[in-house]
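# Structural overview
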Amino acid sequence: MRDYGKIYCQFWWQDKVYNMTDKEVVLAVYLLTHPTGDMTGILRITPETISGDRKDWTLEDAKETLSKLFQKGFLTVKEGSSWVVINNFLKYNAPENPNQIKSIIKLMMKFPKNIDGIERPLSYLGDAVKTIANKDQKIKQQFNELQAGYEKARDDRLNPSETLSEPLGNPSETSSSRYSSNSNSSYSSNSFKDSCRADAQPDVDELTGELIPSNENTEAANRQSEPEQKKPSAILEIFKFWQTTMNHPTAKLDEKRRKLIRNAIKTGYPINDLKTAILGCSLTPHNVGDNDRGQRYDGLHVIFKDADQIDRFIHNAINRESMDANRETYQRGQHGQSTFTPLSGTPDEVWEQC
C-alpha cells in the first residue's frame, strides 16, 4: 500500500478536466491517489468500494461517474470486472530509471491478461524501455515477454464470428475497448452513448489491419476468391471515413497515411474512437479553415499526430456545443455578425447533419 500518489499541477489545465463535473474530478483524484494504486495506474476497485468510501455517494453515483470518466477518455472500465485502467497514467508518471521499469513489468506480469485498456499502459511502458533501457537486453526481453503474453491472451479471446459484425452496429452495444468480446462492456449503455461520438460497436478487424472475410460461408471465405467476400480493413475503413467527412474524395491511401492510421490503432484506440477524432477535427473551426490564413488543417498527419491530439479532437466531438459556440464567436469577429447556423434536432438528426 503506497503512502502517496502524485498529481501534476497541469492536471487542472487540461480541457477534459476543466469540463468535468465536481463528482468526476473527485473520482479522478480519488483513483490517482488511492492507497491500493501502484506505479502502473491500474487499480482493482469496484463501484461498491467507491460508494463506500464516499459517504454521500450511492452505488449509482459511483457507476454513473465511472461511465462519464470512461466516456471522456480518462479511464477504461468494463462491467463485471474489478479492474480500472487510468489511460494516461504512465504518460505523466513515466518510470525514471531502469529499476522502476523492472518494478512496473513485475507488477504487470501479475495482472490478469484480459484487462480492458491494458494496451495504452503497455505502449507508454514500451516508450520508456526504448528511452531509458534501450541497451539493457534483459529489460527489453522482460518487456517483450510481458507484451507477448497480453497479445496471446487477446488473440485467444477473439471469437471468429465477431469478425463478421457490421462496423457500425446497434448503438446500445457499446464497448470499453477494442478488445472487448461482448456487448456488456459498460456499466450503462445509455450513459456511454453520445450523440456526436462515433458508435463504439467493436470492430475486430482492426487488430490486424488486413482484409478479412465477411461471408458467413466458411468454405467460400477460405477461398477468398470474390471481392464481395471481404470487408475493408480497419485502416481502409478509417481512411474512407476521413475521406468522406473531410470531403477529400480524390485523396489516396498511400503508405504514409496507412502508417499514421496503423500507429493510431496500435496506440490502443478503438476504430470508432479514431472516427470520433476525425469528426472532432471537422467540428474545430481552426482546422476547417476558420483562421487568418483560410487554410484547412484537416490531414491525417494532424489528427493522428499523437495521443494528445487524438484526445483533443475526441473531446471536441463529444463537446459539440462548445465547438459550435467557438465557431460562431470566430465568425462574428471576422464578419461582424454570425453567419453560422447551429445544427438542431434530435441526436440522430444532428448526427445525420455532421
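The rules behind the values
Residues numbered from 1 in each chain as written. Predicted model: local features only at pLDDT ≥ 70, side-chain atom pairs only at ≥ 80, totals over all residues. Heavy atoms only, no water. Helix = DSSP H or I, 4+ residues; strand = E, 2+ residues; numbered from the N terminus. Buried < 20%, exposed > 50% of the residue type's maximum accessible area, 1.4 Å probe, protein only. Contact = heavy atoms within 4.5 Å. Areas by Shrake-Rupley, 256 points an atom, 1.4 Å probe, with all protein chains shown as cover. Expected span 1.5 Å × (residues − 1). Salt bridge = Lys/Arg side-chain N within 4 Å of Asp/Glu carboxyl O. Pairing = 2+ DSSP bridges. Axes fitted to C-alpha atoms, helices over the stretch in contact; angles between N-to-C directions. Core = buried A, V, L, I, M, F, W, Y, C linked by side-chain atoms within 4.5 Å. pLDDT = per-residue confidence, 0-100.

## Details of the overall build of the protein
- When helices and strands are counted, the protein shows 17 helices and five strands.
- Counting all 354 residues of the protein, 46% fall into the buried class.
- The long-range fraction of contacts in the protein, counting pairs at least 24 apart against all pairs at least 6 apart in sequence, stands at 69%.
- Working note: accessible area of the protein is about 18,600 Å², and carbon and sulfur atoms make up 48% of it.

## Description of helix H13 (residues 271-282)
- Here H13 spans 17 Å end to end across twelve residues, near enough to the 16 Å set by a 1.5 Å rise per residue.
- Among the twelve residues that make up H13, twelve are buried, leaving the element largely enclosed by the rest of the structure.
- Residues of H13 that are buried include every one of Ile271, Asn272, Asp273, Leu274, Lys275, Thr276, Ala277, Ile278, Leu279, Gly280, Cys281 and Ser282, and no others.

## Let's talk about the pattern of salt bridges
- Following the criterion strictly, the structure yields seven salt bridges and no others.
- With its nearest N and O atoms 3.3 Å apart, the salt bridge here joins Asp61 to Lys23. Linking Asp61 in helix H4 (residues 59-71) with Lys23 in helix H2 (residues 22-32), this pair joins segments that are 38 residues apart in sequence.
- Under the relative-accessibility criterion, Lys23 is labelled partly exposed at 34%.

## Comments concerning the sheet that holds strand S2 (residues 75-77)
- Spatially, the three strands line up as an open sheet ordered S1-S3-S2, and their pairing is antiparallel. Where the open sheet ends on each side, the last strands, each with one partner, are strand S1 (42-44) and S2. When the angles between neighbouring strand axes are averaged without regard to direction, this sheet yields 20 degrees.
- Bridge count between S2 and strand S3 (residues 83-86): three bridges; the pairing is antiparallel. The residue of S3 that forms the bridge with Val77 is Val84.

## Topic: the nonpolar core
- The biggest cluster of nonpolar side chains holds 71 residues, and the ones touching the most others in it are Leu31, Phe74, Leu75, Met108, Leu125, Ile303 and Phe304.
- In this view, Leu75 contacts Leu31, Leu66, Leu69, Phe70, Val84, Val85, Ile86 and Asn87; residues no more than four positions away in its chain are not counted.

## Let's talk about the confidence of the model for the protein
- On average, residues of the protein score 75 in pLDDT, and 68% of them are at 70 or above.
- Overall, residues 159-186 carries pLDDT values under 50, and its contacts beyond four positions in sequence, including any with other chains, amount to 81 contacts.
- Contacts for the low-pLDDT stretch residues 334-340, under 50 throughout, to residues beyond four places or in other chains number ten contacts.

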